[in-house]
Amino acid sequence: MQIHNFKDSKKLGDKGEAIVYQFMLNHPKIESVMDVRDDRNYQKIDVDYQVRMANGTELGVEVKTDSYKSGNIFYETVSAEEVASRGCLDKTQADYLFYYFINLDRLYILNMSAYRNFVQYYQSYFDTQGFRKELKNYRANNADTYTSIGYAIPLSFLHSHANNNWMNIYRLQRDYSVAS
């Protein structure tokens, strides 16, 4: 089993967050974006950005960056099995998840409540189909490991079962605008 390195994952995450941040700044329906990643209060509720839409609505956004080309989207249910820590996507209070496939230049924007309900609805099916995965991760000190658990959901399943009212997909260009 491959062990993921926290420092490498953090670097990748920071790069993806910077790309998504630029996308949000350039999006015509977004008026402003506040980076709250370093605010402990927002870290506790797993929200990376506070976004004000052009219509005045304020939304919390959680960003995840994925470098894999497996054709799966990972939904974490347990962050660290050793300490029974709930997974980020189960506990986030963000309104939207921006899931960025950095090597594919694809950004999935998912209504978090609807996505969570989708995963819960299909959870027993995911279990029987072998979508449940355990990932070993090195802590920041590179000495200890912890185990994350979740579902590697095939994007094809998500596309065929998701409601377009709660999922949007963007192909990003190098200037972070949306490709046609």
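Basis of the calculations
- Residues numbered from 1 in each chain as written.
- Predicted model: local features only at pLDDT ≥ 70, side-chain atom pairs only at ≥ 80, totals over all residues.
- Heavy atoms only, no water.
- Helix = DSSP H or I, 4+ residues; strand = E, 2+ residues; numbered from the N terminus.
- Polar contact = N/O pair within 3.5 Å; in protein donor to acceptor, adjacent residues only side chain to side chain.
- Contact = heavy atoms within 4.5 Å.
- Pairing = 2+ DSSP bridges.
- Axes fitted to C-alpha atoms, helices over the stretch in contact; angles between N-to-C directions.
- Buried < 20%, exposed > 50% of the residue type's maximum accessible area, 1.4 Å probe, protein only.

A look at the side chain of Glu-62
Reasoning step 1: Its location among the elements puts Glu-62 in strand S4 (residues 58-66).
Reasoning step 2: In terms of polar contacts, Glu-62 uses its side chain to reach the side chain of Lys-64, at 3.3 Å.
Reasoning step 3: Ignoring any residue separated from it by four or fewer positions in sequence, one finds Glu-62 in contact with Asp-46, Val-47, Asp-48, Cys-88, Thr-92, Ala-94, Tyr-96, Leu-97 and Phe-98.

Quick notes on the sheet that holds strand S8 (residues 106-111)
Reasoning step 1: Pairing is mixed in the open sheet, where 6 strands are placed in the order S2-S3-S4-S7-S8-S11. Of all the strands in the sheet, just strand S2 (30-35) and strand S11 (167-171) have a single pairing partner and so form its edges. For this sheet, the mean inter-axis angle between neighbouring strands, taken without regard to orientation, is 25°.
Reasoning step 2: Pairing of S4 with strand S7 (residues 96-101), which is carried by 6 bridges, proceeds in the parallel orientation. Pairing of Asp-66 across the sheet is with Phe-101, part of S7.
Reasoning step 3: In the packing of helix H4 (residues 112-129) onto the sheet, contacts are made with S7 and S8, and the angle to S8 comes to roughly 85°.

So, the environment of Val-119
Reasoning step 1: Its location among the elements puts Val-119 in helix H4.
Reasoning step 2: A relative accessible area of 2% means that Val-119 is categorised as buried.
Reasoning step 3: Between the alpha carbons of Val-119 and Ile-153 there is a distance of 9.0 Å; along the sequence they are 34 residues apart.

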